[in-house]
Amino acid sequence: MNLGQLCISRRTVTIAVAFVGLVSLAIGAHAALNKRSLDAAKAIGTEHTGAIGTSNRIALVIGNGHYPDAAAPLSQPINDARGLTAALRAKGFDVDVVEDATKDDMARAVARLKDKIKPDTVAMLFFGGFGVQVGRESFMIPVDAAIWKEADVRRDGVSIEHVLDTMTEKGAKAKLVVVDASRRNPYERRFRSYSHGLAPISTPENALILTSATPGKVADDGKGQYSVLVTELLNNLDSQSGAATAFNKTRISISRASDGEQVPQVSSSLLEDVRLGG
């Protein structure tokens, strides 16, 4: 091999090595870019879901609208559940939302809520649909309930007091409950003795409860996208006030707008107001 051939060979090797290095650098940069993109997508996904599992503000939202025994579906509870879910997630709540829930669906949802509660947790329950009182206890009615007598309500319904007891048992810091179920229900003529609306809900320590009407009263559905209760509640949740203030403003607004025909009930045993956001 002469000197010229040796120089060409060395030059070729040098160029090949440089090319390989350049390709490796490009591959590494591309991989790093992809990793950053993937990490960013994961971060966006976590933010979108409200950092599920990490929030100290949790909510179970149930909207039941399609009851086989009803003359027509209830449109507002589904809309209410979706609207309230969006509002609560925007405030940092970890929200579990269930629509047209069966008895099993509701039992599993309550169990999921129970598993998330810790001593520093603010736990919230919303139910929209049909509610029935039996004795002095109020029950949320699932869409697959087969109710012909009062005993069926206890069998197929989900007690609001039971959910509150579950929150208390787990040591929740504060318990918030909104029940929009004081509707005239399709089961009322089947009972020998029947009471309209809901029974007074027992308020455990550090709890705040809002219902759409006073005990024993019924509230007719309006024609808006949301129920009257949820419409006013969403308006008041947008403010910077705490839960007690928002619930009381909702009660006052509805009472005034209806000239006292519909007066929501607020019961509180909170030691201090609960911030809903931030």
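About the criteria used
- Residues numbered from 1 in each chain as written.
- Predicted model: local features only at pLDDT ≥ 70, side-chain atom pairs only at ≥ 80, totals over all residues.
- Heavy atoms only, no water.
- Helix = DSSP H or I, 4+ residues; strand = E, 2+ residues; numbered from the N terminus.
- Buried < 20%, exposed > 50% of the residue type's maximum accessible area, 1.4 Å probe, protein only.
- Contact = heavy atoms within 4.5 Å.
- Areas by Shrake-Rupley, 256 points an atom, 1.4 Å probe, with all protein chains shown as cover.
- Polar contact = N/O pair within 3.5 Å; in protein donor to acceptor, adjacent residues only side chain to side chain.
- Salt bridge = Lys/Arg side-chain N within 4 Å of Asp/Glu carboxyl O.
- pLDDT = per-residue confidence, 0-100.
- Core = buried A, V, L, I, M, F, W, Y, C linked by side-chain atoms within 4.5 Å.
- Pairing = 2+ DSSP bridges.
- Axes fitted to C-alpha atoms, helices over the stretch in contact; angles between N-to-C directions.
- Expected span 1.5 Å × (residues − 1).
- Arc of directions from axis to C-beta.
- Phe/Tyr/Trp six-rings, centres within 6.5 Å; stacked < 30°, edge-to-face > 60°.
- Lys NZ or Arg CZ within 6 Å of the ring centre and 35° of its normal.

S.K.: What should I look at first to understand the overall build of the protein in this one?
M.R.: A tally of helices and strands in the protein yields 7 helices and 9 strands. Across the 278 residues that make up the protein, the buried fraction comes to 44%. Within the protein, residue pairs in contact and separated by at least 24 positions form 72% of the contacts whose partners lie at least 6 positions apart. Surface summary for the protein: the accessible area is close to 14400 Å², and the carbon and sulfur share equals 55%.

S.K.: Help me understand the side chain of Asp180, please; the structure alone is not making it clear to me.
M.R.: Mapped onto the fold, Asp180 is located in strand S7 (residues 174–180). A distance of 3.4 Å separates polar atoms of two side chains, one belonging to Asp180 and the other to Ser212.

S.K.: Sorry, what's going on with the pattern of salt bridges here?
M.R.: Pairing of side chains with opposite charge becomes possible as their charged atoms draw close. Tallied over the full model, the rule gives 9 salt bridges. The residue Lys114 makes a salt bridge to Glu169 at a minimum N-O spacing of 3.5 Å. In this pair, Lys114 is assigned in helix H3 (residues 103–116) and Glu169 in helix H5 (residues 160–169), connecting sequence segments 55 residues apart. A salt bridge links Arg155 to Asp156; the nearest nitrogen and oxygen atoms lie 2.9 Å apart.

S.K.: What exactly am I supposed to notice about the confidence of the model for the protein here?
M.R.: In low-pLDDT segments, the atomic positions of the prediction should not be examined closely. For the protein, the average pLDDT comes to 82, and 78% of its residues sit at 70 or higher. With pLDDT under 50 throughout, residues 1–8 is counted as low confidence; its partners more than four residues away or in other chains account for 1 contact. Note that pLDDT drops below 50 for residues 12–54; the model gives that stretch 4 contacts with residues more than four away or on any other chain.

S.K.: Help me understand the nonpolar core, please; the structure alone is not making it clear to me.
M.R.: A general feature of soluble globular proteins is that nonpolar side chains tend to end up buried together. Membership of the largest hydrophobic core comes to 40 residues, with the highest contact counts inside it found for Leu60, Tyr67, Met140, Ile141, Val153, Val163 and Met167. Excluding its chain neighbours within four sequence positions, the residues that come into contact with Met167 are Leu113, Ile117, Ala123, Met124, Leu125, Ala172, Lys175 and Leu176. Ala81, Phe93, Leu210 and Val230 belong to the second-largest nonpolar core, a separate cluster that totals 29 residues.

S.K.: How should the sheet that holds S7 be read in this particular structure?
M.R.: Sheet strands associate in pairs through backbone hydrogen bonding, adopting either a parallel or an antiparallel arrangement. Strand order in the open sheet formed by 6 strands is S2-S1-S3-S7-S8-S9, and the pairing between neighbours is mixed. Across the chains shown, the open sheet's two edge strands, defined by having one partner strand only, are strand S2 (94–99) and strand S9 (265–268). Across the sheet, the mean angle from the axis of one strand to that of its neighbour is 10°, orientation sign disregarded. Relative to S2, strand S1 (residues 57–63) runs parallel, the two being bridged by 6 bridges. Its bridge partner lying in S2, Ile62 is registered against Val98.

S.K.: Any chance you could explain the sheet that holds strand S5 (residues 137–140) here in plain terms?
M.R.: Taken together, the 3 strands give an open sheet; going across it, the order is S4-S5-S6, and neighbouring strands pair in antiparallel fashion. Single-partner strands in this sheet number two, and they are strand S4 (131–134) and strand S6 (158–159). Bridging between S5 and S6 involves 2 bridges; their strand directions are antiparallel. By the bridge assignment, Phe139 is partnered in S6 with Ser159.

S.K.: Before we go on, may I ask you to explain H3 in this structure?
M.R.: Note that an α-helix has 3.6 residues per turn; residues three or four places apart therefore point the same way. The terminal C-alpha atoms of H3, which comprises 14 residues, lie 20 Å apart, in line with the 20 Å expected from a rise of 1.5 Å per residue. Along H3, the residues classified as buried are Met106, Ala109, Val110 and Leu113. Angular distribution of buried residues about the axis of H3 spans 100°; they occupy a single face of the element.

S.K.: Is there a simple way to think about the packing of aromatic side chains in this case?
M.R.: One pair of aromatic rings is described through two measures. These are the centre distance and the angle between the planes. Scanning the entire structure with this criterion turns up 2 aromatic pairs. Where Tyr67 meets Phe130, the ring centres are 4.7 Å apart and the plane angle is 55°; that geometry is what we call tilted. Taken together, the residues span a long stretch of sequence, with Tyr67 in the loop between S1 and helix H2 (76–90) and Phe130 in the loop between strand S3 (122–128) and S4 at a distance of 63 residues. Neither Tyr67 nor Phe130 differs from the other in exposure class; each is buried. A ring pair is formed by Phe130 and Tyr187, whose centres lie 6.5 Å apart and whose planes are at 80°; its orientation type is edge-to-face. Placement of the pair is Phe130 in the loop between S3 and S4 and Tyr187 in the loop between S7 and strand S8 (207–211), with a sequence separation of 57 residues. On the basis of relative accessibility, which here comes to 4%, the residue Phe130 falls in the buried class. Connected via pairs of aromatic rings, a cluster forms that spans Tyr67, Phe130 and Tyr187. Over the ring of Phe93 we find Arg57; its NZ or CZ atom is 5.7 Å from the centre of that ring.

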